[in-house]
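Residue-level structural notes
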Amino acid sequence: MAPPNLNLNGCGTTKTIRIGSRDSELAKVQSNEVIARLKQDESLTEKYDFELVTMKTIGDKILDKALAKTGEKNLFTRELETALKEGYIDMIVHSLKDLTTTLEDGFEIGAILKRSSPYDAVVLKKSIAIAQQFKDLKDLPSGSKVGTSSLRRIAQLRRTYPHLVFESIRGNLNTRLRKLDEGENFQAIILAEAGLKRLNWDHRISFVLDPEKHSCLYAVGQGALAVEIRQNDQEMLHVLKTLNDESTI
């Protein structure tokens, strides 16, 4: 019997490379982007098949509190890294900003893809956006609630816009947009522009936060995708070598 990571076909044997991803729409879109790029290389498709393996992480499951209050680290990577360490998957596609500054022992970054937009974007509640009343955060009425999952954004924007109330909002992009449009708590939310564009939701962007104008620096690595592998996995480093973007690195 063939080993579980081998597929036998009439022309010979190909190895299946399993690519781990969070089980969110955005994460799957990003992982499939990496798979599509790898499949463009005929020398790889002759040797390998590519399979997407998804799983929920702790960060995906904790939706009732701000992440900073959990006291946990690696909230969006732990389960995936365990699967990578145990050999169940061969690589993980991450939003680079979700990775810790220093990886756990036994892992390394195999590739960093060309960075998309690093900026933060403001999405207004549909009923507010249709009225086209507001073109900037400073235009929102005093006491308006703005949702974000990022302490970085809250800390910076509270100083510049003290008339606004910045609160945590959790869930994937679909969930957060639904909370914005259907709920009563928020008049706007702030999301990464790159994620909105990858899901073809450009039309929901009301305006983009300019770091100088709005005094809000974007996160290190925001907009870039990173592929994590086992340390010194020369085979996966070879597979990923064409994906590295030197200007982003």
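As the structure is a prediction and not an experimental result, all values here were calculated from the model.

Regarding its fold elements, the chain presents 10 helices and 11 strands. Excluding contacts between residues fewer than 6 apart, the proportion of contacts in the chain whose partners are at least 24 apart in sequence is 72%. Here the chain displays about 12900 Å² of accessible surface, and carbon together with sulfur accounts for 48% of that area.

Formed by 19 residues in total, the largest nonpolar core has its most connected members in L38 and M91. Residues in contact with M91, not counting those within four places in the same chain, are I17, R18, I19, G20, L84, V227, E228, I229, M236, V239 and L240. In this structure, L137, I154, A188 and I190 belong to the second largest nonpolar core, which totals 17 residues.

Among the surface-exposed residues, Y119, V208 and Y218 lie close enough to one another that they form a single nonpolar patch of about 220 Å² accessible area. In this structure, V208 sits in strand β10 (residues 207–209).

Now for the confidence of the model for the chain. Residues with a pLDDT of 70 or more make up 88% of the chain, whose mean pLDDT is 88. At the level of individual helices and strands, the chain shows its lowest average pLDDT in strand β1 (residues 6–9), which scores 39, and its highest in strand β11 (residues 225–230), which scores 98. Taken as a whole, residues 6–11 scores under 50 in pLDDT and shows 11 contacts with residues more than four places along the chain or in a different chain.

If you walk through the whole model with that rule in mind, you get 1 aromatic pair. The interplanar angle of 90° and the centroid separation of 5.4 Å between the aromatic rings of Y119 and Y218 together place this pair among those described as edge-to-face. Of the two residues, Y119 is situated in the loop between β5 (107–112) and β6 (120–124) and Y218 in the loop between α9 (211–214) and β11; the sequence distance between them amounts to 99 residues.

The next thing to look at is the sheet that holds strand β9 (residues 188–192). Overall, mixed pairing links the 5 strands, which are arranged β8-β7-β9-β6-β10 in an open sheet. One side of each edge strand has no neighbouring strand; the edge strands of this open sheet are β8 (165–168) and β10. Neighbour to neighbour, the strand axes of the sheet diverge by 30° on average, direction disregarded. Bridging between β6 and β9 involves 5 bridges; their strand directions are antiparallel. Each residue of the ladder has a partner; that of L124, found in β9, is A188. Contacting β6 and β9, helix α7 (residues 173–182) runs over the sheet at an angle of about 165° to β9.

Take unusual backbone geometry next. Excluding glycine, residues mostly have negative phi values, and the peptide bonds linking residues are mostly trans. Within the chain, S215 stands out as a residue other than glycine whose phi angle is a positive 55°. For N232, which is not glycine, the phi dihedral falls at a positive 65°. Its place among the elements puts N232 in the loop between β11 and α10 (234–240).

With the rule as written, the count across this model stands at 15 salt bridges. Measuring nitrogen to oxygen at the nearest pair gives 3.1 Å for the salt bridge that ties D120 to R152. Of the two residues, D120 sits in strand β6 while R152 sits in helix α6 (residues 151–160), which places them 32 residues apart along the sequence. With its nearest N and O atoms 3.4 Å apart, the salt bridge here joins K213 to D136. Here the residue K213 occupies a position in helix α9, and D136 occupies one in the loop between α5 (126–131) and β7 (145–148), the gap between them amounting to 77 residues. Taking relative accessible area as the criterion, D136 reaches 5% and is therefore assigned buried.

Each value, and the rule that gives it
- Residues numbered from 1 in each chain as written.
- Predicted model: local features only at pLDDT ≥ 70, side-chain atom pairs only at ≥ 80, totals over all residues.
- Heavy atoms only, no water.
- Helix = DSSP H or I, 4+ residues; strand = E, 2+ residues; numbered from the N terminus.
- Contact = heavy atoms within 4.5 Å.
- Areas by Shrake-Rupley, 256 points an atom, 1.4 Å probe, with all protein chains shown as cover.
- Core = buried A, V, L, I, M, F, W, Y, C linked by side-chain atoms within 4.5 Å.
- Buried < 20%, exposed > 50% of the residue type's maximum accessible area, 1.4 Å probe, protein only.
- Patch = residues over 30% accessible without salt bridge, like charges linked within 9 Å, V, L, I, M, F, W, Y side chains within 5 Å.
- Salt bridge = Lys/Arg side-chain N within 4 Å of Asp/Glu carboxyl O.
- pLDDT = per-residue confidence, 0-100.
- Phe/Tyr/Trp six-rings, centres within 6.5 Å; stacked < 30°, edge-to-face > 60°.
- Pairing = 2+ DSSP bridges.
- Axes fitted to C-alpha atoms, helices over the stretch in contact; angles between N-to-C directions.

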